[in-house]
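Notes for the structure review
Next come the chains, spelled out residue by residue.
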Amino acid sequence: MVVGEMVQEVDLVVLGAGPGGYTAALRAAELGIKTILVDAMPKPGGVCLHMGCIPSKALLHAAEVINTAKGASKFGLHFAEPKLNVEELRTWKTSVTDKLAQGIVGMCKSGGVEIVHGQAKFNDSKSLRVDCPGESAMRIKFKHCILATGSRPTVIPKLFKSEKDQQSSRIVDSTGALALDAVPKSLLVVGGGYIGLEMGTVYDALGAEVTVVEMTDGLLPGVDRDLVKPLATHLSGKFKNIFLSTKVLSLEEVKNGVEVTLEGKDVPEKMTFEKVLIAVGRRPNSDNIGLENTQVTIDAQGFVTVDAQCRTSDKKILAIGDVSGQPMLAHRAMRQGMVAAEVLAGRSSAFDNRAIPAVVFTEPEIAWAGITETEAKAQGKEVGAAKFPWSASGRAMTLAEPIGQTKVIYDPETTQVLGIGMVGPRAGELIAEAVVAIEMGAVLEDLVVAIHPHPTLSETVMEASMAAISRIERKAARDMEKAGK
Amino acid sequence: MSVEFKLPDLGEGIHEAEVIAVKVKEGETVKEDQPILEVETDKAVVEIPCPVAGVVEKVNVQAGQTVKTGQVMMSFITDGAKAPAKEEAKAEAKAEQKQVVGAGVSSSPQARSSGGTTIGNGKVPAAPAVRRLARELGIDLTQVPGSGPAGRVLNEDVRSYAAGKLEGHFQSGHQTSTAQSSTSSTSTAQTSSAPAKATGVPPCSLKDKYGDTNGERKPLDLGGGGGLPAADLPDFTKYGAVERVPLKSIRRKIAENMTISWSRIPHVTHFDEADVTSFEPLRVKHDPKVNEQGGRLTLTVLTLKAVVSGLKKFPQFNASLDEKNGEIVFKHYFNIGIAVATERGLIVPVIKNVDQKSIIELARELKDIAEKTRSGKIELDRLQGGTFTITNIGAIGGTSMSPMINYPECAILGMARAADKPVVRQGKIEIGTIMPLALSFDHRIADGAEAAYFVRHIIERLEDPFTLLLEA
């Protein structure tokens, strides 16, 4: 025991005040469980609020305004070149996240959840120690713990020529990129996943020359190619270079920049950029918190293994969010947070969701929910897919951005909707209908019969479903004809 | 290491059970397979053996409590771990390394960390709220027929499934679990015709017989076949004090099955008498040999053989009427149910493939199932799959009866007491042993003349067992 250590006893301690953690804590308190919320950061909200979803969307909004203004010249609206004040933009972004963090603090206060700031470490399956900066350490004895410690950007040390290069302020991860110190003249984005492309979009709009290096042969690995294509086409017109099937061999800080050694077909061997953003994935925060002192099991990728009730193999500890597995998305964590709190309150709750939507907030946006064609193929599952191009959507035309398409993936036997994917402006907002449809077990007809407001982009969901039904009917007619002969 | 014991999956359609007795205490050392609990489902009383050897760590249930499949009933400390009582954190942490046992039920976390976008609950289309309802009711959604488009399971589907209202569920899940006999509360199983040792039904209180009076009350589940709405009763309290006891477990199942049998099957009962005078000397002669093999040579054993012979000749009595498909289902197997009166109510264990077993084998099995059924230890799979039922009230008395068919079988044969009576043989009055028989049958499948032939066929074999040999 440390001298001056305080001991506090509580029903539930939630480790990590990100979207999963605070959702779990608030729900638990609502269900009458005495709860403490511990977070290593001074303000609650986690990666989502401070280093992920929210700040990136604030900056992407700025990028959208710039690009929309530029595009308006197509219909006779000519704006002058925008004047960017980086400091003001940063201040606005921070004000947004601060307000939201205050909101969480307020909710916890009124909900009766105590927030403790400090680094936590498990002593065993029923107590942990929190080192509170500037204060004496605290020991919390708990009946249960919900682990919601999140994830952090993956670091690949072997890329750096030396220790010094690893510390270089010119080489940043997504957190550094979102801090928006300044807009570099040239930026290399290592990794063509959603984080790299979203940040590339921001920095491109703010005036940087953006180059993307992706190891596989396409952007957004895993996403259906037909959805990626319009984005890839658009980005190749915006970005300076997109190098596919290309590896970064090393990074070295040189005068005025970072020298990058590349390996790929028709790719220069050495290039220099003012700044480099590494966005090659994220890893779970399951280390350095004393989980070895508990019965929690961790898989090869570092994820804590959980069941549908979010229970780990330690009966006192549950886990939610990024630390508990893929996909590492805030909305998955929030739903799991509800489940974990309800399970602890003795309710029969389970994370049995059929669709976890995914959104890439680029221009245009890509969003999908349920099964993808790629997944169906990998599983050997026979599905039907019907598309509706946004070039035929009245609303898309009036936005002067008719790039996009909506795709409905269905069971050809039952016409049940299994997945929906879309690319186009605001796809991220439209995908919610797909999630509800999949969760409800909707069939194509449900989406066709339900009236969609006109003129909106949401009509494309109805149109794609209608296209699917027409296809099924045509096939049936053909089969009838064949049988007739 | 600590091991949790959950109520295992007890078989088709059984989701809960009532704890009748807890046979171990916390801290007690137990052996593997030692009986630890007695539970009563709506089919039978089942003794649950201990899954491991060790020390009972915690008992979470008590007698009278209703437990659901998958509920943790007890935990044990097995080798290598100490009781956590006064140990420090580390020992306890070790003890908490839970391992879950229990057939078909597991709550251990599955590695799902790299899960895709679709997970959980198979592929049954159902809205999230419906899935939650199913979880709360402990229902496996894959078992619920969906009435929505593309087989979507709706809220009503789950509720009606839970209430057991789906006919298909009833037919497949509960057939032959209990049988019907108009004298169910007083009939005993097999007895020999000779020394009729009527063991009186021991007196017991309402609570002993029907269990806790605090249980849940719900209307009878008549599988949609009852037709009539549940009747309102007059206010009995106007005339004196009453006690209301919930209808539970076996009693409830009997009530439901009787109502269904009586309201669905047009019953006809055919009466006849068998002169079994020649059986007693045969019994006295051969019973010691059968005893050596662990059985008793009784009229019921002989009747089993005679009935199967009859069923082979008159297959309509080994059939079921499929109302849905307009077919008669003839069964090419001969599984005979034997009505057994127990303290908790009538139960019908089944002797399978009677045609393939010798008299000695049947005698042994009959004794075994009767004893096991009375003591509540009968295995669940021996309560299913019957094609015809025999009920014998001979040990108690009575000159005849009109037994009720064990739905969805076609017929039931009632045996009354074989008693010495004056009989006329070749114009002379002699003393003979006469056993009254009563066959109730489904008149939709069989007719009165056929029933008369069928019973005569049985009687010929009871009166002259040698006939059975001629057929064998």
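Residues numbered from 1 in each chain as written. Chains lettered and ligands numbered in written order. Predicted model: local features only at pLDDT ≥ 70, side-chain atom pairs only at ≥ 80, totals over all residues.

Some remarks on the packing of helix α3 (residues 53-71) of chain A against helix α4 (residues 86-111) of chain A
Helix-helix packing is described using two parameters, namely the angle between the two axes and the distance between the axes. Residues and elements named next belong to chain A. Short version of the rule: Throughout, an axis means a line fitted to C-alpha atoms (over the contacting stretch in the case of helices), and angles, computed between N-to-C directions, take values from 0 to 180 degrees. Labels follow the DSSP assignment, with helices taken as runs of H or I lasting at least four residues and strands as runs of E lasting at least two, numbered in each case from the N terminus. For this classification, under 35 degrees means roughly parallel, over 145 means roughly antiparallel, 65 to 115 means roughly perpendicular, and everything else is oblique. For any pair of crossing helices, the crossing counts as left-handed if the nearer helix is rotated counterclockwise from the farther one by less than a right angle, and right-handed if it is rotated clockwise. The contact criterion used here is simple: two residues whose C-beta atoms, placed from the backbone, lie within 7 Å are in contact. Each residue is assigned to one class: nonpolar for Ala, Val, Leu, Ile, Met, Phe, Trp, Tyr, Cys and Pro, charged for Asp, Glu, Lys and Arg, and polar for all the others, Gly among them.
Running from N to C, α3 and α4 cross one another at 140 degrees; their axes reach a closest spacing of 9 Å. Taken together, α3 and α4 sit at an angle that is classed as oblique. The interaxial crossing formed by α3 with α4 has right-handed handedness. Packed against α3, whose contacting residues are Ile54, Pro55, Ala58, Leu59 and Ala62, the element α4 presents Leu89, Lys93, Val96, Thr97 and Leu100 at the interface. Looking at side-chain class alone, the contact of α3 with α4 contains 8 nonpolar, 1 polar and 1 charged residues.

Things to note about the environment of Met462 of chain A
Residues and elements named next belong to chain A. The topology assignment puts Met462 in helix α14 (residues 459-484). Taking the C-alpha atoms as reference points, Met462 and Leu444, 18 residues apart in sequence, are found 8.6 Å from one another. Among residues more than four places away in sequence, those in contact with Met462 are Leu447, Val448 and His452.

Regarding the sheet that holds strand β22 (residues 417-424) of chain A
Residues and elements named next belong to chain A. Put simply, the rule is: One requirement defines pairing of two strands: DSSP has to find at least two bridges between them.
Spatial strand order, β18-β19-β22-β21-β20: 5 strands in an open sheet with antiparallel pairing. Edge positions in the sheet fall to β18 (358-360) and β20 (384-389), since each of these pairs with one other strand and no more. When strand polarity is set aside, the average angle formed by the axes of neighbouring strands in this sheet is 10 degrees. As paired elements, strand β19 (residues 365-370) and β22 share 6 bridges and run antiparallel to each other. Opposite Ala369, over in β22, you have Ile420 as the bridge partner.

Observations regarding unusual backbone geometry
Residue and element names in this part refer to chain A. Note that the residue after Glu363, namely Pro364, is joined by a cis bond; omega there is -5 degrees. Here Pro364 is to be found in the loop between β18 and β19. The omega torsion of the bond from His454 to Pro455 falls at -5 degrees, within 30 degrees of zero and hence cis. For Pro455, the location among the structural elements is in the loop between α13 (444-449) and α14. In this structure, Leu220 is a non-glycine residue whose phi angle is positive, near 45 degrees. Inspection of the secondary structure assignment puts Leu220 in the loop between β10 (209-213) and α8 (225-238). Phi angles above zero are rare outside glycine, and Ala400 is one such case at about 60 degrees. Within the secondary structure, Ala400 is located in the loop between α11 (394-398) and β21 (405-410).

Things to note about the nonpolar core
Heads up, the rule is: Joined through C-beta atoms within 7 Å, a set of buried Ala, Val, Leu, Ile, Met, Phe, Trp, Tyr and Cys residues constitutes a nonpolar core. As a rule, residues whose C-beta atom has 12 or fewer other C-beta atoms within 10 Å are exposed, those with 20 or more are buried, and those in between are partly exposed; C-beta atoms are placed from the backbone.
Core analysis: the largest hydrophobic core is formed by 144 residues, its most contacted members being Ile146 and Val417 of chain A. At 9 residues, the largest contribution of residues to this core is made by helix α9 (residues 330-344) of chain A. Among all residues touching Ile146 of chain A, those that are not within four sequence positions of it are Leu12, Val14, Leu15, Ala24, Leu318, Ile320 and Ala340 of chain A. Core analysis: the second largest hydrophobic core is formed by 66 residues, Leu302, Phe314, Val350 and Ile390 of chain B among them.

What to know about α9 of chain A
Residue and element names in this part refer to chain A. Rules: Under the convention used throughout, the expected extent of a helix is 1.5 Å for every residue step, that is, one less than its residue count.
A rise of 1.5 Å per residue sets the reference length of α9, with its 15 residues, at 21 Å; its end C-alpha atoms lie 21 Å apart and thus fit the reference within 8%. Taken across its 15 residues, α9 has 13 buried, putting it largely inside the fold. Count one or two residues on from α9 and you reach Gly346, which has phi positive near 85 degrees.

With respect to the confidence of the model for chain B
Fine structural detail should not be taken from predicted coordinates in areas where pLDDT scores are low. Residues and elements named next belong to chain B. This is how it is decided: In predicted models, pLDDT denotes the confidence assigned by the predictor to each residue on a 0 to 100 scale.
Of the residues in chain B, 74% have a pLDDT of 70 or more, and the chain-wide mean is 76. Throughout residues 81-121 the model reports pLDDT below 50, and contacts reaching past four residues in sequence, or to other chains, amount to 92 contacts. Within the model, the stretch residues 165-204 combines pLDDT values under 50 with 114 contacts to residues more than four positions away or in other chains. Complex prediction metrics read pTM 0.59 and ipTM 0.71.

Digging into the sheet that holds strand β8 (residues 171-172) of chain A
Residues and elements named next belong to chain A. What the 5 strands build is an open sheet, ordered β8-β15-β9-β10-β11; its pairing is parallel. Strands with a single pairing partner mark the edges of an open sheet, and in this sheet they are β8 and β11 (241-243). Looking at chain direction, strand β9 (residues 186-190) and β10 are connected through 5 bridges and run parallel. The residue of β10 that forms the bridge with Val189 is Val212. Packed onto the sheet, helix α7 (residues 194-205) meets β9, β10 and β15 (275-278) and runs at close to 165 degrees relative to β10.

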